[in-house]
Structures are given as structure tokens and as C-alpha cells.
Amino acid sequence: MLAYRHAFHAGNHADVLKHLVLDQVLRYMTAKDKPFRYIDTHAGAGGYALKGAQAQKTAEYREGINRLWSRADLPPAVADYVHGVHRFNLPDAEPGQPAPELEKGMTPPLKLYPGSPSIARMHLRPGDSMRLFELHPADARTLAAHFGGKQVQVLHEDGFAGLKALLPPTPRRALVLIDPSYELVGDYGKVVACVRDAVQRFPEGVYMVWYPQVARVEAVQLPKRLMAVAPKGWLHVRMTVKQADAQGFGLAGSGLFIVNPPYTLHETLQGVMPWLVQTLAQFDGANYLIEEQPA
Ligand SMILES: C[S@@+](CC[C@H](N)C(=O)[O-])C[C@H]1O[C@@H](n2cnc3c(N)ncnc32)[C@H](O)[C@@H]1O
């Protein structure tokens, strides 16, 4: 039985890093004329009410998206991402539908946070498609209530197993987000096996793996294990914003491992990460790392 619910963590520092990078990769995918498919192996509920009981319990968004919400000095890539979250908060925005445009200079109050399917939905063009896997019955129901239609399929199935059947996609362009909760320690091994299998089936795909920076050997080893199975052409970014508690528990930061990243991503992140880590820091030792192996 799955206990993890993303609503408790929506908009936190890890979502900021993940969705900022996702937004950049989606911009790259849609800069070309050719259609692509977005596959989310662990989609969550698609959107979250930040004033709801779950998000309010630990109010993690206060040290995440909230710190960026009204800033006038956002670096361009951060501004792109925050602009999307602003659009999601417009009164006439509907999860699962293309978000309305924002009037220049307008900042709506922060009430909602978009999950990865909503970030992707904002970039989807008429020829593109989406496949969203979600195993938790309640979150899968919420997702299916908002996302659907000809372009979008919600699958209440195991995303690790389901991905195999979707690769290679037609047409042969895809961005795959692999974003498990790591609630089960076996998820670390499944992520490595999933990436190994996926790059064999579809080597030219763009794969984004999110992982938590927690005091677990499996989490510490994950980037190195991914480097071992990925073909040449990967980027790893990690951001640490807080200290684990005295028992070593807590989410100190998070990382993303991207196979076949946009060639511009390294430079974009070099411009963004010093500002982002300083803005989201919760202790003096906050830091980041960017490493890559070019194709
Ligand atoms: C970290 S959350 C996803 C957040 C989402 N990708 C976002 O960025 O907004 C992980 C989700 O995976 C779901 N989940 C856990 N195991 C799964 C599996 N094997 N297949 C599909 N979904 C799963 C959980 O219920 C949870 O909603």
C-alpha cells in the first residue's frame, strides 16, 4: 500500500529544481517543429492546493516556490518557470487544460502548485502527446478527472513496467520523467534497471531522473550507478539547501540525472544555480554541483 502523497511536499525546494529543469527541457523539445511525446512514469495528482490540509501540514512550499513568487530579479530560466506557476494560479486556469496567458506585470496570489503533468501540459502543441502513469488510486483518480482527451492518456499502472511498452515511441521523439517517491527502497534499483532498459530500447530519448538527497547509501550511490548505465551524453545537477536533522533524517536537497540533455542546459544551469542555491538556502553550507559527460 502506497502511503506517499506528493501534496505534502508540493512546491518545495526539490519541486523547484525539478520543475525548473523540466520547463527548460520542454522548451527545448518544443523549439523544433517535430512532435514529441511526454511520458511521466510517476505523475502524482497533477496539481495541488497549497492551502489544503496536506500541503499546510509542513508547508514546505514556503521555503520553495514562495521564496521566488514575487521577486523582480529572477534569472531568465527561473522567470520562465515561475511565469508558468503564475499562469497556473490565474482564477480561470484549469488543471489539465492549457493555462491562460498572464497580463504583463500581474502576480496572482500563490494558492496552487502545478505538478509535472501540468508543467508539461503548458508546453504541449496540437501534434504532441502525453502518457501519465500513477499508481496511487486517489492521485490517479484526481489526475484522470483533469487530464484526458485525444492527446493525453492517464494510466493507473506501474510506471516502471509500463514504460517498456511505450518505447520506442512513434514518432521517435520523447521526454521521459522518472520521478518515484523512493518510499520503497527497491525504487533505487528499479530506476537504474528502468534507465538501462529504456536507453537500449530508445537510445535517442531524453530521460530525466529525480532523486532525493537523503542519508541512505542507495540515494548516495544512485548518480554513479546511472552514469554506469547511461550512454555518453548526460548531465547531473544537485542542489543542497538544508542540513539533515540530528538523526540524519530529512531532505537536504535533491538531484536530477538527465540522459541526452539539451546542449544548452549546462550553460543555462551554470547561470542559474548560484542564484537559486543562495535564494533557497536554509543553512550556510548550501551548495550545488553540476557535472556532465558530453555526447
Ligand atoms: C514524487 S511523486 C510524483 C510527483 C510528480 N512527478 C511531480 O513532479 O509533480 C511520486 C508519485 O509516484 C506514485 N507512484 C509510486 N510508485 C509508483 C509506480 N510504481 N508507478 C507509478 N506511480 C507510482 C506515487 O503515488 C506518487 O504520486
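Residues numbered from 1 in each chain as written. Predicted model: local features only at pLDDT ≥ 70, side-chain atom pairs only at ≥ 80, totals over all residues. Heavy atoms only, no water.

Draft legend 1. Spatial organisation of the overall build of the protein. The helix and strand tally for the protein stands at 9 helices and 10 strands. On C-alpha atoms alone, the protein measures out to a radius of gyration of 18 Å, which is about the 19 Å that the 2.2 N^0.38 rule sets for 295 residues. Reported as C-alpha extents along the three principal axes, the dimensions of the protein are approximately 45 × 45 × 40 Å. Counting the 295 residues in the protein, one finds 54% classified as buried. Summarising the internal contacts of the protein: among those between residues at least 6 apart in sequence, 76% fall at separations of at least 24. Here the protein has roughly 13,100 Å² of accessible surface; of this, 53% comes from carbon and sulfur atoms. (Helix = DSSP H or I, 4+ residues; strand = E, 2+ residues; numbered from the N terminus. Rg over C-alpha atoms; globule rule 2.2 N^0.38 Å. Buried < 20%, exposed > 50% of the residue type's maximum accessible area, 1.4 Å probe, protein only. Contact = heavy atoms within 4.5 Å. Areas by Shrake-Rupley, 256 points an atom, 1.4 Å probe, with all protein chains shown as cover.)

Draft legend 2. Representation of the site of the ligand in the model. Residues in close proximity to the ligand total 22 residues, the closest being His19, His42, Ser116, Glu134 and Asp179. In the model, an oxygen atom of the ligand is placed 2.9 Å from a nitrogen or oxygen of the Lys18 side chain. Computed on the free molecule, the ligand has an accessible area of 600 Å², of which 97% lies beneath the protein chains in the complex. Looking at side-chain class alone, the shell around the ligand contains 5 nonpolar, 10 polar and 7 charged residues. (Near = heavy atom within 4 Å. Polar contact = N/O pair within 3.5 Å; in protein donor to acceptor, adjacent residues only side chain to side chain. Nonpolar A, V, L, I, M, F, W, Y, C, P; charged D, E, K, R; others polar.)

Draft legend 3. Quick look at the packing of aromatic side chains. This model, assessed by the stated rule, comprises 3 aromatic pairs. The interplanar angle of 45° and the centroid separation of 6.2 Å between the aromatic rings of Tyr182 and Trp210 together place this pair among those described as tilted. Of this pair, Tyr182 sits in the loop between β6 (174–178) and α7 (186–201) while Trp210 sits in strand β7 (residues 206–213), and the two are 28 residues apart along the sequence. For the pair formed by Tyr182 and Trp210, the shared burial category is buried. Over the ring of Trp210 we find Lys18, and its NZ or CZ is 5.5 Å from the ring centre. (Phe/Tyr/Trp six-rings, centres within 6.5 Å; stacked < 30°, edge-to-face > 60°. Lys NZ or Arg CZ within 6 Å of the ring centre and 35° of its normal.)

Draft legend 4. Highlighting the sheet that holds strand β5 (residues 152–155). With respect to topology, 8 strands assemble into an open sheet ordered β5-β4-β1-β6-β7-β9-β8-β10, the strand pairing being mixed. Edge positions in the sheet fall to β5 and β10 (287–293), since each of these pairs with one other strand and no more. When the angles between neighbouring strand axes are averaged without regard to direction, this sheet yields 10°. Relative to strand β4 (residues 129–133), strand β1 (residues 37–40) is paired through 4 bridges, and the arrangement is parallel. Each residue of the ladder has a partner; that of Arg37, found in β4, is Ser129. (Pairing = 2+ DSSP bridges. Axes fitted to C-alpha atoms, helices over the stretch in contact; angles between N-to-C directions.)

Draft legend 5. Inspection of the side chain of Asp23 at higher detail. Tracing the sequence through the fold places Asp23 in helix α1 (residues 13–31). Setting aside its immediate chain neighbours within four residues, Asp23 contacts Asp80, Tyr81, Ile119 and His123.

Draft legend 6. Fine view of the nonpolar core. Core analysis: the biggest nonpolar cluster contains 91 residues, and Tyr38, Ile65, Leu68, Leu175 and Leu276 have the highest contact counts within it. Leave out the neighbours within four places in its chain, and Leu68 touches Val16, Leu74, Val78, Tyr81, Val82, Trp275, Leu276, Thr279 and Leu280. (Core = buried A, V, L, I, M, F, W, Y, C linked by side-chain atoms within 4.5 Å.)

Draft legend 7. Looking closely at the pattern of salt bridges. Here the structure, examined in full by the defined rule, presents 13 salt bridges. Several salt bridges share partner residues, and in doing so they unite Asp15, Lys18 and Asp179 into one network. (Salt bridge = Lys/Arg side-chain N within 4 Å of Asp/Glu carboxyl O.)

Draft legend 8. Up close: helix α5 (residues 137–146). Within the span of α5, buried status applies to Asp139, Ala140 and Leu143. What you see down the axis of α5 is that its buried residues fit within an arc of 100°, all on one side. Facing away from the buried surface of α5 by more than 90 degrees, the exposed residues are Arg141 and Ala145. Looking at the buried residues of α5, the elements they touch are α4 (116–123), β4 and β5. (Arc of directions from axis to C-beta.)

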